[in-house]
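Chains, contacts and geometry: an overview
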Amino acid sequence: MSTIKVQSIINSSQYYEYIDDGNPKQGGVKDVYFAPNRKYVVAFFRDPLDFNQKDRIKKIVTLYLENIKKGNASDYYLNDIFRWPYDAVEKNGKTGVIVPIYDSKFFFKKGYCSNETIKGGEKVGKWFTSPSFRNKNYPLSLDKNELGDWLSYFQIAINICRGVKKLHQMGLAHSDLSYNNVLVDPVSKSAVIIDIDGLVVPGLFPPEVIGTADFIAPEVLTTKHLKISDSNRILPNQKTDLHALAVLIYMYLFRRHPLRGGKIWDLDSEKDELFAMGEKAIFVEHPTDHTNQVKVDHLKKWDINWGDPKKIPFTIVGPYLTDLFKRAFIDGLHNPILRPIANEWETALLKTVDLIQPCQNPSCDEKWYVFDNTANPKCPFCGTAHKGTLPVIDLYYKFKDDVWKPEGHRLMAYHNQYLFKWHVSRHVIRNENLTAEDKKPVGYFTFYQNKWVLVNQTLNGMKDLTDKKDIPINSMVELTDGKKILLSNEEGGRLLYITLTNK
């Protein structure tokens, strides 16, 4: 074992050390060595890079890194969303990148299987997108303390959306977005995008690979046989990122693949794969074309629950995400321009989180479900029906004097649920730019003395418009059927309209 020093090719006065024990950690195309202080790794490409490849690496660690640092929420992106390489080195003709070490939460602390330990291994997304690994009877099942609950995967998806949104805003494409290039921690609801050194700059730096199986867009596979120079050949780009993003979100929420159904297109397995994921790809939950429906008798016994869309259909995520999944896997599957962009997914995920209810069954593995807009809601995972009344809260905005219009945004109250500034005002956007002050709750809903109430913690000017009463700070208002509550009379302020269901 030896400690080796290498010089930066960006700044000749900068040196980095790494430990070479003769057994580096191997990735797809790189050999990875740890720094003595384990604050970074040096990842060397196994094959020498040509001039364009080196130029791309240099721009990633300088120009594009600086663009993130100068942009909004730079700390959020560099600390929480990306593991962005920040320098490049060379040794013996091989190019390497300096990448910050992953946070410890992205390594399994318990995460064991009955006959194979993964303790200390990276929490790559694939561990959390298959029902087998969470089935306690499966020989390789994960420790339940590593799995989080259903709500965890909404925040994970939100973080991934923000990362893709940022890349696309910068004119970049990831090109190989998949569960292998995203690390997740369901316990802290965190996700980080890795392998940034493969970024595509459309028109300047072409992709190195066409992607990872399961996430390659249909148009890329359909034109795979053409030469790179052929103008009809489709290579990874921002639109193909959007296909991969939709697949990732679907797999995190439903633990199955949206295109892997029961249809066999060709007895040759390679041809069948090209058809199934490419030219003939069909959504397994297509509402009118049932060609590729899942055949339940073909499922492994570990996958029988999540793997059957009839038991857990994609519509359980509510109206906002259902619409986007249709656009991604029906309208946009073979027409890339119709695919939802990352910002649309982020918005829909956040609005859906406001529809989520806690399951009243303490033994429910998923703990949460999306309100299904019925008079008698129940958890789709364990079948437990909601007991007691349930406040349905619709948000309205002032269109003009004394005229309020629905926001198209609903909030489902539950016991001790917080109200935030982004609910109060249209001028506070729930995104990565929120300040610490913005994230503080301004009120909360609670079930108190057999009544649903909203407690005002910090809002000046909150009013009960139904009973024409002020609601001072540190007081409460009962939530009754038809109640109208003004949260703020300032520009952009909202009004709540209450409907009590499940009476």
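Above this text is the structure in question.
Thresholds applied
- Residues numbered from 1 in each chain as written.
- Predicted model: local features only at pLDDT ≥ 70, side-chain atom pairs only at ≥ 80, totals over all residues.
- Heavy atoms only, no water.
- Helix = DSSP H or I, 4+ residues; strand = E, 2+ residues; numbered from the N terminus.
- Expected span 1.5 Å × (residues − 1).
- Buried < 20%, exposed > 50% of the residue type's maximum accessible area, 1.4 Å probe, protein only.
- Contact = heavy atoms within 4.5 Å.
- Core = buried A, V, L, I, M, F, W, Y, C linked by side-chain atoms within 4.5 Å.
- Pairing = 2+ DSSP bridges.
- Axes fitted to C-alpha atoms, helices over the stretch in contact; angles between N-to-C directions.
- Phe/Tyr/Trp six-rings, centres within 6.5 Å; stacked < 30°, edge-to-face > 60°.

Our next topic: helix H5 (residues 238-254). Helix length check: H5 (17 residues) gives 24 Å between terminal C-alpha atoms against 24 Å at 1.5 Å per residue, within 8%. Counted residue by residue, H5 has 15 buried out of 17 residues, so it is predominantly covered. Where H5 ends, the next residue or the one after it, Arg 255, has phi of about 55°, a positive value.

Time to look at the side chain of His 243. Secondary-structure assignment places His 243 in helix H5. Setting aside anything within four residues of it in sequence, one finds His 243 in contact with Phe 215, Ile 216, Ala 217, Pro 218, Leu 259, Leu 333 and Arg 339.

Next up on the list: the nonpolar core. Ranked by internal contacts, the top residues of the largest apolar core, which has 91 residues, are Trp 84, Tyr 252, Leu 253, Phe 325 and Trp 345. The contacts of Phe 325, once residues within four sequence positions are left out, are Ala 246, Ile 249, Tyr 250, Leu 253, Phe 254, Phe 314, Val 317, Ile 330 and Trp 345. If you look at the next biggest cluster of nonpolar residues, it comprises 19 residues, including Ile 393, Leu 395, Ala 413 and Met 462.

On to the sheet that holds strand S15 (residues 443-448), then. Strand order in the open sheet formed by four strands is S14-S15-S16-S19, with antiparallel pairing between adjacent strands. Two strands lie at the open edges of the sheet, namely strand S14 (417-419) and strand S19 (476-478), each paired on one side alone. Strand-to-strand twist across the sheet, computed as the mean angle between neighbouring axes with direction ignored, equals 30°.

Turning next to the packing of aromatic side chains. Under the defined criterion, the tally for this structure stands at 34 aromatic pairs. On the numbers, 5.3 Å between centres and 70° between planes, the contact of Tyr 76 with Tyr 77 is edge-to-face. Tyr 77 gets classed as buried once you look at its relative accessible area, which sits at 1%. Judged by centre distance (4.4 Å) and plane angle (15°), the rings of Phe 420 and Trp 422 are stacked. Residue Phe 420 shares its accessibility class with Trp 422, and that shared class is buried.

For the rest of this paragraph, the subject is unusual backbone geometry. Although it is not a glycine, Lys 189 adopts a positive phi angle of roughly 60°. Residue class for Lys 189 comes out partly exposed when judged on its relative accessible area of 30%.

Now for the environment of Thr 315. Relative to the assigned elements, Thr 315 resides in the loop between helix H6 (269-279) and helix H7 (319-331). Here the alpha-carbon distance between Thr 315 and Glu 285, two residues 30 residues apart in the chain, equals 9.7 Å.

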